[in-house]
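One-letter residues, chain by chain:
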Amino acid sequence: MEKRFKKYLDKYFLIYKSSQETADYREEVLATLNARAAECRARGMTDEGEIYAYCIDSLGDFPSTLREFGFKTRFFPDRPQFYLALAAFILLAVTAFLIAGFATHAWSKVWVIAVCGPLLAAGTAVCYEAKRLQGGKGGIIAARLAGYATSFLTAAIVFLIMLISVPGSAGKAWAAFPLAIIPALGADVLITLLNKRKGLLLRIIAFVLALFTMLYVGLAGAGAIPWHPYWILPILGAAAALGVLIAWFSLKSRRGSDN
Amino acid sequence: MALSGDLLRGHTETVILGILMKGDSYGYDIGKKISEAGEGLIELKDATIYTAFRRMEDDGLIRAYWSEGEVGARRRYYTITDSGKIYYARKKDEWRKLSAILDRLINGG
């Protein structure tokens, strides 16, 4: 139970800079929660879920109290996963830029991928901040919406850049939009993963399918690759998604048997 | 029938100071004492109590210190300061006058 209480408190304290003041308050609230849980058990309550819900409800509007206390917020998150995710995003963009460049030799066009990478990384950081600042379920929704908005905004920027810099490219520039689905779903996967939310498998599968399909539609639509025989890409995507599904359940069953 | 916590609004600090006048105490215990004295009709959320603590600490009415609890857990105790005692006496007097007026107004005495 104490572990659950700590997890609950960490969720809200995460956005504040560590200080003696925050540590004291966190310890004080944790002691109260533990004392209340012990009293519930002494009164004969046995359902741990019910005890947890009662204790949390007794706290009242805890996030508002923290805001009211005026603790200093962190400017940068302190979780290493966050920076790893950002680095992965940029690496992905650079890799995509190099692959697309070497495959098509259209270096004058594929540079947009390298621009989009850092833009999306920054977008993801904003999404993460939106979640942190808002907190709770509403924060997750805000982060997801910000992720989709950032991706499609980036696509719109790419579309406009191409229209302006490459005259007569309107017939190809539209490809930026199907390609934007990839980072949008990628950001959704990251947000789900970083915040340990449900629905991760479904999101990974959607991301893998979109990665292959939209890459095919986008690149072929832009004339960077021929439609035939690259139709194999969506099929490879379906196979990869199936692979993810099998790996997921085999990992889950292995964990289950280990326990 | 549970009474709204709003009824205590404006008096939370005085109520807490009243409890601390009898001796040092910690958040959970104070909340429990309020709940028991309210005969189950009045219940204050922890957030309200901690906000009041914070305000009173800032105003110098109470002081906090850490101490081992009865079962060994570390607890943050609160003690009333001299300014707190003066403030409490003033608020108590205000309440005595106000309650007499309200009683006359509501009961028509």
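Just so you know, these numbers come straight off a predicted model, no measurement behind them.

So, how was this worked out
- Residues numbered from 1 in each chain as written.
- Chains lettered and ligands numbered in written order.
- Predicted model: local features only at pLDDT ≥ 70, side-chain atom pairs only at ≥ 80, totals over all residues.
- Heavy atoms only, no water.
- Helix = DSSP H or I, 4+ residues; strand = E, 2+ residues; numbered from the N terminus.
- Contact = heavy atoms within 4.5 Å.
- Areas by Shrake-Rupley, 256 points an atom, 1.4 Å probe, with all protein chains shown as cover.
- Buried < 20%, exposed > 50% of the residue type's maximum accessible area, 1.4 Å probe, protein only.
- Pairing = 2+ DSSP bridges.
- Salt bridge = Lys/Arg side-chain N within 4 Å of Asp/Glu carboxyl O.

Visitor: Please explain the overall build of chain A as it appears in this structure.
Guide: The number of helices and strands found in chain A is 12 helices and zero strands. Tracing chain A from N to C terminus, the helices and strands come up as α-α-α-α-α-α-α-α-α-α-α-α. For chain A, contacts bridging at least 24 residues in sequence account for 66% of all contacts bridging at least 6. As presented, chain A carries roughly 14200 Å² of accessible surface, and 70% of it is formed by carbon and sulfur atoms.

Visitor: I'm lost on the side chain of Thr-32 of chain A in this one. Help?
Guide: As for its placement among the helices and strands, Thr-32 of chain A is situated in helix H2 (residues 20-42). Taking relative accessible area as the criterion, Thr-32 of chain A reaches 2% and is therefore assigned buried.

Visitor: Even after reading the chapter, I still don't get the sheet that holds strand S3 (residues 74-80) of chain B, so can you show me in this structure?
Guide: Within a sheet, adjacent strands bond to each other through the backbone by hydrogen bonds, running parallel or antiparallel. Residues and elements named next belong to chain B. Taken together, the three strands give an open sheet; going across it, the order is S1-S3-S2, and neighbouring strands pair in antiparallel fashion. Two strands close off the open sheet at either side, each with one partner strand: strand S1 (25-26) and strand S2 (62-68). Sheet analysis places S2 next to S3, joined by seven bridges and oriented antiparallel. In the sheet register, Glu-68 faces S3, and the bridge partner there is Arg-74.

Visitor: Just to check I follow, could you spell out the pairing of S3 of chain B for this structure?
Guide: Looking along a regular strand, one sees the side chains alternate between the two faces of the sheet. Residues and elements named next belong to chain B. Summarising burial for S3: six of the seven residues are buried, a large majority. Pairing of S1 with S3 involves two bridges; the strand directions are antiparallel. Bridge pairing in S3 links Ser-25 to Tyr-78.

Visitor: What exactly am I supposed to notice about the pattern of salt bridges here?
Guide: Side-chain pairing between opposite charges can occur once the charged atoms of the two side chains come close. Per the stated rule, a full pass over the model turns up 18 salt bridges over all chains. Here Lys-32 of chain B ties to Glu-39 of chain A by a salt bridge, and the two come within 3.1 Å at their closest N and O atoms. Residue Lys-32 of chain B is located in helix H2 (residues 27-37), and its partner Glu-39 of chain A is located in helix H2; the two belong to separate chains. On the basis of relative accessible area, Lys-32 of chain B is assigned to the partly exposed category, the value being 34%. When the shortest N-O distance is used, the salt bridge between Lys-97 of chain B and Asp-93 of chain B registers 3.1 Å. Of this pair, Lys-97 of chain B and Asp-93 of chain B both sit in helix H4 (residues 82-107), separated by four residues, roughly a single helical turn. Since its relative accessible area comes to 29%, Asp-93 of chain B is described here as partly exposed. Overlapping salt bridges bring together Asp-24 and Glu-28 of chain A together with Glu-57 and Arg-76 of chain B as one network.

Interpretation in functional terms is not warranted from these geometric data alone.
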